[in-house]
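Residue-level listing of the chains:
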Amino acid sequence: MNKIKNYTLLFFLFFLTNCAYEPVLSNKNHKFSININTINGDQKINSIIVNNLKNLNGEEEYNLILSSNKEKNIISKDSKGDPSIFELKIRVNYIVNKDGENLIDNKINRKITYNNIADKFELENYEKTMIINLSTNISDKIITSISEINE
């Protein structure tokens, strides 16, 4: 039985190493750059998005107007009335224009629900991590939407 497990493991490792899987956004050779014109809203979210967009340097230049907000709600409370489940929502509105013409006017909403953690420091760190992850996901969506019109 142990030999079968070893052969199965070897079989999967062989096929996984020969797989040509590549994440969609791993190709960082975009043919455009983004100038940030106006930024409104949550500073932490905006700074994460702007830092991800700064790495783009191509020939085509697009202008971006960015507005974001963050909302934290209590979804559920325990029998004592203390929060037990939270919901974190991030909303980003963005407009991409070039030569005075609006090419994209879009809204992106992301949310996550999570359980309360007794240690408030750990809860705060968890929320910061979720904000970073959701904001990075949003910046990837912005890059993808611009890539689609740039082709």
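Residues numbered from 1 in each chain as written. Predicted model: local features only at pLDDT ≥ 70, side-chain atom pairs only at ≥ 80, totals over all residues. Heavy atoms only, no water.

## A short note on the overall build of the protein
When its secondary structure is counted, the protein shows three helices and four strands. Counting from the amino terminus, helix and strand elements in the protein follow one another as α-β-α-β-β-β-α. Within the protein, the proportion of its 151 residues that are buried is 28%. Looking at the protein alone, contacts between residues at least 24 apart form 65% of all its contacts between residues at least 6 apart. About 10,500 Å² of surface is accessible on the protein, with carbon and sulfur atoms providing 51% of the total. (Helix = DSSP H or I, 4+ residues; strand = E, 2+ residues; numbered from the N terminus. Buried < 20%, exposed > 50% of the residue type's maximum accessible area, 1.4 Å probe, protein only. Contact = heavy atoms within 4.5 Å. Areas by Shrake-Rupley, 256 points an atom, 1.4 Å probe, with all protein chains shown as cover.)

## Section: helix H3 (residues 120-150)
Compared with an ideal rise of 1.5 Å per residue, which puts 31 residues at 45 Å, H3 spans 45 Å between its outermost C-alpha atoms and is within 8% of the ideal. Regarding H3, its N-cap is Asp 119, as a side-chain oxygen of that residue lies 3.2 Å from the backbone nitrogen of Phe 121 further along. (Expected span 1.5 Å × (residues − 1). Polar contact = N/O pair within 3.5 Å; in protein donor to acceptor, adjacent residues only side chain to side chain.)

## Looking at the pattern of salt bridges
For the structure on display, the rule yields seven salt bridges. Close ionic contact of Lys 70 with Asp 42 constitutes a salt bridge, the shortest N to O distance being 4.0 Å. One end of the pair, Lys 70, is in strand S2 (residues 60-77); the other, Asp 42, is in the loop between strand S1 (32-41) and helix H2 (43-54), and 28 residues separate them in sequence. Here Asp 42 falls in the buried class, since its relative accessible area comes to 19%. As a salt-bridge pair, Lys 89 and Glu 87 come within 3.8 Å of each other at their nearest N and O atoms. (Salt bridge = Lys/Arg side-chain N within 4 Å of Asp/Glu carboxyl O.)

## Some thoughts on H2
End to end, H2 covers 16 Å across 12 residues, agreeing with the expected 16 Å (1.5 Å per residue, within 8%). Where H2 is concerned, the buried positions are Ile 45, Asn 46, Ile 48, Ile 49, Val 50 and Leu 53. In this fold, the buried residues of H2 make contact with S1, S2, strand S3 (83-98) and H3.

## Re the environment of Ile 85
By the element assignment, Ile 85 lies in strand S3. Along the sequence, Ile 85 and Thr 113 sit 28 residues apart, while their C-alpha atoms lie 6.9 Å from each other. Residues in contact with Ile 85, not counting those within four places in the same chain, are Asn 73, Ile 74, Ile 75, Ser 76, Thr 113, Tyr 114 and Asn 115.

Limitation: the analysis is restricted to geometry and does not speak to function.
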